[in-house]
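Descriptive structure summary
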Amino acid sequence: MEKRSYLKEFTKGIVKENPVLCLVLGTCPTLAVTTSAFNAIGMGVAATAVLICSNAVISALRRFIPDKVRIPAYITIIAGFVTIVQMIVKAYAPAINDSLGIYLPLIVVNCIILGRAEMFAGKNPVIPSILDGLGMGVGFTAALLLMGIIRELLGSGAIFGIQLLPVQILIFILPPGGFFVFGMLIMLANKLNTRAGKKVKSTPCDGCPMAASCSQKSCENGEKEAAENVG
């Protein structure tokens, strides 16, 4: 039973609750860095490393962090790991550092990472939190890589610098092409979840760090409780 629960924590972020295609989080780096598959992998791996490490530390310290300062504490922990990742990337993969530019340090304010810290790691044990971070990171990387492959292939006719198509549709490496591919992938993810009999979330409340204090979320919960009582 425990193994099944761990597997569920890992796999939920890949398809059912994919942070990009289902929860629609982290759209800024998603649209900005997916002009190539190389950039997509770099951003995905960096964000996954920060997700895993920050989830583990926040989960381990969850009983010692005062509730009033939990968000500043989470951001401080996340910023520390982002700094470490950025230093490692600069030292061992300078090409990725140059291609990602400002979006690498901006992982600090990536709503996927802060959202998982607030909604999961701050309320659950270490091992499930690590698996949650790993699953969300894999889902984030997969979505970025898929977008990067499509945009690079159609926009420049190449993948990872290997020329495959003679035709180049430059709009796909520009912002309008990014929004178009992003929308198509979201539609595909929703259809896959619907066919599998899974309820697709219309709003990313579960991934939002302010969901606990959101008036809209409270109203939704109140309506659900009222409906259950009437039933």
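Quick look at the structure, then. (Residues numbered from 1 in each chain as written. Predicted model: local features only at pLDDT ≥ 70, side-chain atom pairs only at ≥ 80, totals over all residues. Heavy atoms only, no water.)

**Overview of the overall build of the protein**
The following threshold applies: Numbering of helices and strands runs from the N terminus; a helix is a DSSP stretch of H or I covering at least four residues, while a strand is a stretch of E covering at least two. The buried label goes to any residue with under 20% of its type's maximum accessible area, the exposed label to any with over 50%, and the partly exposed label to all in between, with areas taken from a 1.4 Å probe on protein chains only. Between two residues, a contact is recorded if the distance between any of their heavy atoms is within 4.5 Å. Accessible surface is estimated by sampling points in the Shrake-Rupley manner with a 1.4 Å probe; for residues, cover comes only from the protein chains shown.
The secondary structure content of the protein amounts to nine helices and two strands. In sequence order, the secondary structure elements of the protein are arranged as α-α-α-α-α-α-α-β-β-α-α. Expressed as a percentage of the 231 residues in the protein, the buried residues total 40%. Looking at the protein alone, contacts between residues at least 24 apart form 72% of all its contacts between residues at least 6 apart. Roughly 12400 Å² of accessible area belongs to the protein as shown, and the carbon and sulfur atoms make up 69% of that amount.

**A look at the packing of aromatic side chains**
Our working definition: Aromatic rings from Phe, Tyr and Trp, with only the six-membered ring used for Trp, were paired whenever their centres fell within 6.5 Å, and each pair was classed as stacked if the ring planes differed by under 30 degrees, edge-to-face if by over 60, and tilted otherwise.
For the coordinates displayed, the defined rule picks out one aromatic pair. Measuring from ring centre to ring centre gives 6.3 Å for phenylalanine 172 and phenylalanine 180, while their planes differ by 70 degrees; the resulting arrangement is edge-to-face. Taking relative accessible area as the criterion, phenylalanine 172 reaches 13% and is therefore assigned buried.

**Some details on the side chain of aspartate 132**
In this structure, aspartate 132 sits in helix α7 (residues 126–156). Taking the relative accessible area as the measure of exposure, aspartate 132 reaches 0% and is therefore buried. Setting aside residues up to four positions removed in sequence, aspartate 132 forms contacts with Glu9, Lys12, Asn55, Arg116 and Phe120.

**What to know about the pattern of salt bridges**
The cut-off we apply is this: Salt-bridge detection follows one rule: a side-chain nitrogen of Lys or Arg within 4 Å of a carboxyl oxygen of Asp or Glu.
Under the definition given, this model contains five salt bridges. For lysine 12, the salt bridge is made with aspartate 132, and the minimal N-O distance between the two is 3.2 Å. Here aspartate 132 lies in helix α7 and lysine 12 lies in the loop between α1 (2–11) and α2 (27–33), a separation of 120 residues in the sequence. Sharing partners across several salt bridges, the network here consists of Glu9, Lys12, Arg116 and Asp132.

**A short note on helix α4 (residues 70–92)**
Convention followed: Each helix should span, by expectation, one fewer than its residue count multiplied by 1.5 Å.
Relative to the 33 Å expected for 23 residues at 1.5 Å per residue, α4 spans 33 Å between its end C-alpha atoms, a close match to the ideal helical length. Of all the positions in α4, only Tyr74, Ile77, Ile78, Phe81, Val82, Val85, Gln86 and Val89 are classed as buried. Here the buried face of α4 lies against α3 (37–60), α5 (94–100) and α6 (111–121).

**Quick notes on a nonpolar patch on the surface**
Short version of the rule: Patch membership requires more than 30% relative accessible area and the absence of a salt bridge. Residues of like charge join within 9 Å; the nonpolar side chains Val, Leu, Ile, Met, Phe, Trp and Tyr join within 5 Å.
Taken together, the side chains of Val167, Ile169, Leu170, Ile171, Ile173 and Leu174 present a nonpolar region at the surface, about 510 Å² in accessible area. If you trace the backbone, isoleucine 169 turns up in the loop between β2 (162–163) and α8 (175–195).

**Remarks on the side chain of lysine 12**
To be explicit about the condition: Polar contact criterion, stated in full: a pair of N or O atoms within 3.5 Å, where within protein one must be able to donate a hydrogen and the other to accept it, and residues adjacent in sequence count only if both atoms are side-chain atoms.
Its relative accessible area of 13% is what places lysine 12 among the buried residues. Here the side chain of lysine 12 touches aspartate 132 through a polar contact of 3.2 Å, side chain to side chain. When sequence neighbours within four positions are dropped, the list of residues in contact with lysine 12 reads Glu17, Asn18, Arg116, Phe120, Asp132 and Met136.

**Some details on the packing of α3 against α6**
Quick note on the threshold: For helices, the fitted axis covers only the stretch in contact; all axes are lines through C-alpha atoms, and the angles between them, taken along N-to-C directions, range from 0 to 180 degrees. Roughly parallel here means an angle under 35 degrees, roughly antiparallel means over 145, roughly perpendicular means 65 to 115, and every remaining angle is called oblique. Crossing chirality is assigned from the near helix's rotation relative to the far helix, an anticlockwise turn below a right angle marking it left-handed and a clockwise turn marking it right-handed.
Following both chains from N to C, one finds α3 and α6 inclined at 30 degrees, their axes separated by 10 Å at the closest point. The pairing of α3 with α6 is recorded here as roughly parallel in orientation. For the element pair α3 and α6, the recorded crossing hand is right-handed. Contacts between α3 and α6 involve Ala47, Val50, Leu51, Ser54, Asn55, Ile58 and Ser59 on the former and, on the latter, Ile112, Ile113, Arg116, Ala117 and Ala121.

**Observations concerning the state of the cysteines**
The cut-off we apply is this: Pairs of cysteine sulfur atoms within 2.5 Å are identified as disulfides in what follows.
Scanning all chains against the criterion turns up zero disulfides. Lacking any disulfide linkage, cysteine 28 is separated from the closest cysteine sulfur, that of cysteine 111, by 9.4 Å.

**Looking at the layout of surface pockets**
Formally: As defined here, a cavity is a set of points on a 1 Å grid over the protein atoms alone where a 1.4 Å probe fits but cannot get out. A pocket is an open set with protein on both sides within 12 Å along at least five of seven lines, and residues line them when an atom is within 4 Å of a point. Grid points are joined across faces, edges and corners, and a volume is the space filled by probe spheres set on the points. Classification convention: Asp, Glu, Lys, Arg as charged; Ala, Val, Leu, Ile, Met, Phe, Trp, Tyr, Cys, Pro as nonpolar; all other residues, Gly among them, as polar.
Of the voids in this model, the second largest pocket is the one considered here, and its volume is about 170 Å³. Lining of the second largest pocket is provided by Ile14, Val15, Asn18, Leu21, Ala142, Ala143, Leu146, Leu185, Leu188, Ala189 and Leu192. Of all the secondary structure elements, the ones that give two or more residues to the lining of the second largest pocket are α7 and α8. At four residues, α8 tops the list of elements feeding residues into the lining of the second largest pocket. A breakdown of the residues in the lining of the second largest pocket according to their chemical character gives ten nonpolar, one polar and no charged.

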